[in-house]
Number of protein chains: 2
Amino acid sequence: MSRERNDIDYTMLNSLVGYRLRRAQLAYFENFTATCTEQGVTPGLFGILAIVYHNPGLTQTAVAQAIETDRSAMVAAVDKLEKLGLIERRPAENDRRSYALFLTGHGITFTENLHRKVLKHEAHFEEVMKDGEKDWLLDLLTRIIDLDR
Amino acid sequence: MSRERNDIDYTMLNSLVGYRLRRAQLAYFENFTATCTEQGVTPGLFGILAIVYHNPGLTQTAVAQAIETDRSAMVAAVDKLEKLGLIERRPAENDRRSYALFLTGHGITFTENLHRKVLKHEAHFEEVMKDGEKDWLLDLLTRIIDLDR
DNA sequence: TATTGTTATACTCTATAACTATA
DNA sequence: TATAGTTATAGAGTATAACAATA
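Residues numbered from 1 in each chain as written. Chains lettered and ligands numbered in written order. Predicted model: local features only at pLDDT ≥ 70, side-chain atom pairs only at ≥ 80, totals over all residues. Heavy atoms only, no water.

> Report on the packing of aromatic side chains, specifying residues and quantitative values.
Working definition: an aromatic ring pair is given by the centre-to-centre distance plus the angle between the planes. A complete count under the given rule lists eleven aromatic pairs over all chains for this structure. One aromatic cluster is present, built from ring pairs that chain together Tyr19(A), Phe29(B), Phe32(B) and Phe46(B). Directly above the ring of Tyr10(A) sits Arg23(A), whose terminal nitrogen or CZ lies 5.1 Å from the centroid. Its end group placed over the ring of Phe102(A), Arg90(A) keeps NZ or CZ at 3.9 Å from the ring centre. (Phe/Tyr/Trp six-rings, centres within 6.5 Å; stacked < 30°, edge-to-face > 60°. Lys NZ or Arg CZ within 6 Å of the ring centre and 35° of its normal.)

> I'd like to hear about the protein's contact with DNA strand C, residue by residue, with values.
Around DNA strand C sit 16 residues, and of these Ser72(A), Thr61(B), Arg71(B), Arg89(B) and Arg97(B) come closest. The sugar-phosphate portion of DNA strand C accounts for 57% of its atoms within 4 Å of the protein, the bases making up the rest. Contact distances for DNA strand C include 2.3 Å between a phosphate oxygen and a side-chain N or O atom of Thr61(B). Within the side chain of Arg97(B), an N or O atom sits 2.5 Å from a base oxygen of DNA strand C. Looking at the surface near DNA strand C, the elements with two or more residues in it are helix 4 (60–66) and helix 5 (71–83) of chain B. Sort the elements by how many residues they give to the surface near DNA strand C and helix 5 of chain B lands first, with three residues. Grouping the constituent residues of the surface near DNA strand C by class yields two nonpolar, six polar and eight charged. (Near = heavy atom within 4 Å. Polar contact = N/O pair within 3.5 Å; in protein donor to acceptor, adjacent residues only side chain to side chain. Helix = DSSP H or I, 4+ residues; strand = E, 2+ residues; numbered from the N terminus. Nonpolar A, V, L, I, M, F, W, Y, C, P; charged D, E, K, R; others polar.)

> Describe in detail the relation of the copies chain B and chain A, supporting the description with residues and values.
One copy of the chain maps onto the other through a rotation about an axis followed by a shift along the same axis. Of the transformation placing chain B onto chain A, the axial shift is 0.0 Å and the rotation is 180 degrees, giving an RMSD of 0.0 Å. Seen this way, the second copy is the image of the first under a two-fold rotation axis. The overlap is high: 100% of the interface residues of chain B also sit at the interface in chain A, so the same surface is used on both sides. (Least-squares fit on C-alpha atoms with pLDDT ≥ 70 in both. Contact = heavy atoms within 4.5 Å.)

> Explain helix 6 (residues 105–122) of chain A residue by residue, including any values.
With 18 residues, helix 6 of chain A should reach 26 Å at 1.5 Å per residue; the first-to-last C-alpha distance of 26 Å fits that figure. Of all the positions in helix 6 of chain A, only Gly107(A), Phe110(A), Thr111(A), Leu114(A), His115(A), Val118(A) and Glu122(A) are classed as buried. Angular distribution of buried residues about the axis of helix 6 of chain A spans 135 degrees; they occupy a single face of the element. Structural note: helix 6 of chain A exposes Arg116(A) and Lys120(A) on the side pointing more than 90 degrees away from its buried face. Check the buried side of helix 6 of chain A and you find it contacts helix 2 (17–38), helix 3 (43–54) and strand 2 (99–103) of chain A together with helix 1 (11–14) and helix 2 (17–38) of chain B. (Expected span 1.5 Å × (residues − 1). Buried < 20%, exposed > 50% of the residue type's maximum accessible area, 1.4 Å probe, protein only. Arc of directions from axis to C-beta.)

> Report on the protein's contact with DNA strand D, specifying residues and quantitative values.
Near DNA strand D there are 16 residues, and of these Thr61(A), Arg71(A), Arg97(A), Ser72(B) and Arg96(B) occur at the shortest range. Sugar and phosphate atoms form 60% of the subset of DNA strand D atoms that lie within 4 Å of the protein. Within the side chain of Arg22(A), an N or O atom sits 3.2 Å from a phosphate oxygen of DNA strand D. Between Ser72(B) and DNA strand D, the recorded distance is 2.8 Å, taken from a side-chain N or O atom to a base oxygen. Of all the secondary structure elements, the ones that give two or more residues to the surface near DNA strand D are helix 4 (60–66) and helix 5 (71–83) of chain A. Among the elements that line the surface near DNA strand D, the one with the most residues is helix 5 of chain A, at three residues. For the surface near DNA strand D, the residue count by class is two nonpolar, six polar and eight charged.

> Let's hear about unusual backbone geometry: which residues, and what values?
Of note in this structure, Glu68(A) is not a glycine but carries a positive phi near 55 degrees. With respect to the helices, strands and loops of the structure, Glu68(A) is situated in the loop between helix 4 and helix 5.

> Describe the interface of chain B and chain A, naming the residues involved and giving the relevant values.
At the interface, 63 residues of chain B touch 63 residues of chain A. Carbon and sulfur atoms make up 70% of the surface buried where chain B meets chain A, a total of about 6,300 Å² over both sides. Scanning the region where chain B abuts chain A turns up four salt bridges. The salt bridge involving Glu68(B) is made with Arg23(A); its shortest N-O contact spans 3.6 Å. Between the two partners, chain B and chain A, sit 22 residue pairs in polar contact (both at pLDDT 80 or more). Elements supplying a minimum of two residues to the side of chain B that touches chain A: helix 1, helix 2, helix 3 (43–54), helix 4, helix 6 (105–122) and helix 7 (133–146) of chain B. Element by element, the count of residues in the side of chain B that touches chain A is highest for helix 2 of chain B, at 13 residues. Of the residues belonging to the side of chain B that touches chain A, the class tally is 33 nonpolar, 14 polar and 16 charged. (Buried area = accessible area lost by both parts, 1.4 Å probe. Salt bridge = Lys/Arg side-chain N within 4 Å of Asp/Glu carboxyl O.)

> I'd like a description of the packing of helix 3 of chain A against helix 6 of chain A, backed by residues and values.
Residues and elements named next belong to chain A. One way to put it is that helix 3 packs onto helix 6 with a least axis distance of 10 Å and a crossing angle of 115 degrees. As helix 3 packs across helix 6, the resulting crossing turns out to be left-handed. Here Phe 46, Leu 49, Ala 50 and Tyr 53 of helix 3 lie close against helix 6, whose contacting residues are Ile 108, Phe 110, Thr 111, Glu 112, Leu 114 and His 115. Here the contact of helix 3 with helix 6 is built from residues that sort into seven nonpolar, two polar and one charged. (Axes fitted to C-alpha atoms, helices over the stretch in contact; angles between N-to-C directions. Left-handed = near helix turned anticlockwise from the far one by under 90°.)

Right, here's the structure in full:
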């Protein structure tokens, strides 16, 4: 049985994997968000950088689908990344409706540095994991994510 | 290595436990939210019901702390639950500033039924878990949640 | 002085609809 | 006709500040 920091009985919520996933995710994201904020971006913007880093030339809509958000939300996000000098909109070669997204030189080093910083902060949480547990967790989470795809 | 449903390379995001936690949580919550919506509440309202179910008589502020939200957000939430006939505000016995929260008779059966429905829907995700993996996951998530408390 | 419930407010995220220019 | 980027907009969720009543 788990102990709570206060005298509250969480029995019903604790029985739900979904609720515990949410609270663990919030704990992780507190850290993640702080690391991103220090560098002047948000977790959402980092997600875009990480996708474009590995997939240069994607259109805005393709990136939106990759991070499961609406393409209308991409406009302001890419605007911000452009203003920060991290990303570039280039005309797509064979479709004049769309842009191809690329990281700038600065964007590449920025993204790599931020990724390293986030990994370093994540290491804090690995203190509570035994040998092999992180890989097992990543694998199980992947199975959950892919279940209904 | 995990396969994605599209041709996108997620290497950087996949390396972060935080991002995978978030996506798994979103997958779970899609299901959770749908189950709650069918019964006319939100996951947030269910959280309040679940806390008051096991801890009758808590003040609004105490419930707010239990679910880690601001007490200002409790007002509209408890208003809704009151209009649904699920919860009651009673004057606190020894502090005329605060209310003690209690579920109504209907609130109790409603909460128990909804809890059962959510558990049933969660069982879908257990298809991807081997024997003992669910308990392991709950335990690991608890360790993560409690790390910085 | 400090705290409870409350209100007003603001900010982020997310989603929808409609417009334009292209396809 | 369908799609890409864009704009406007609206809703949910969350956080802050300030107020009246009470401690």
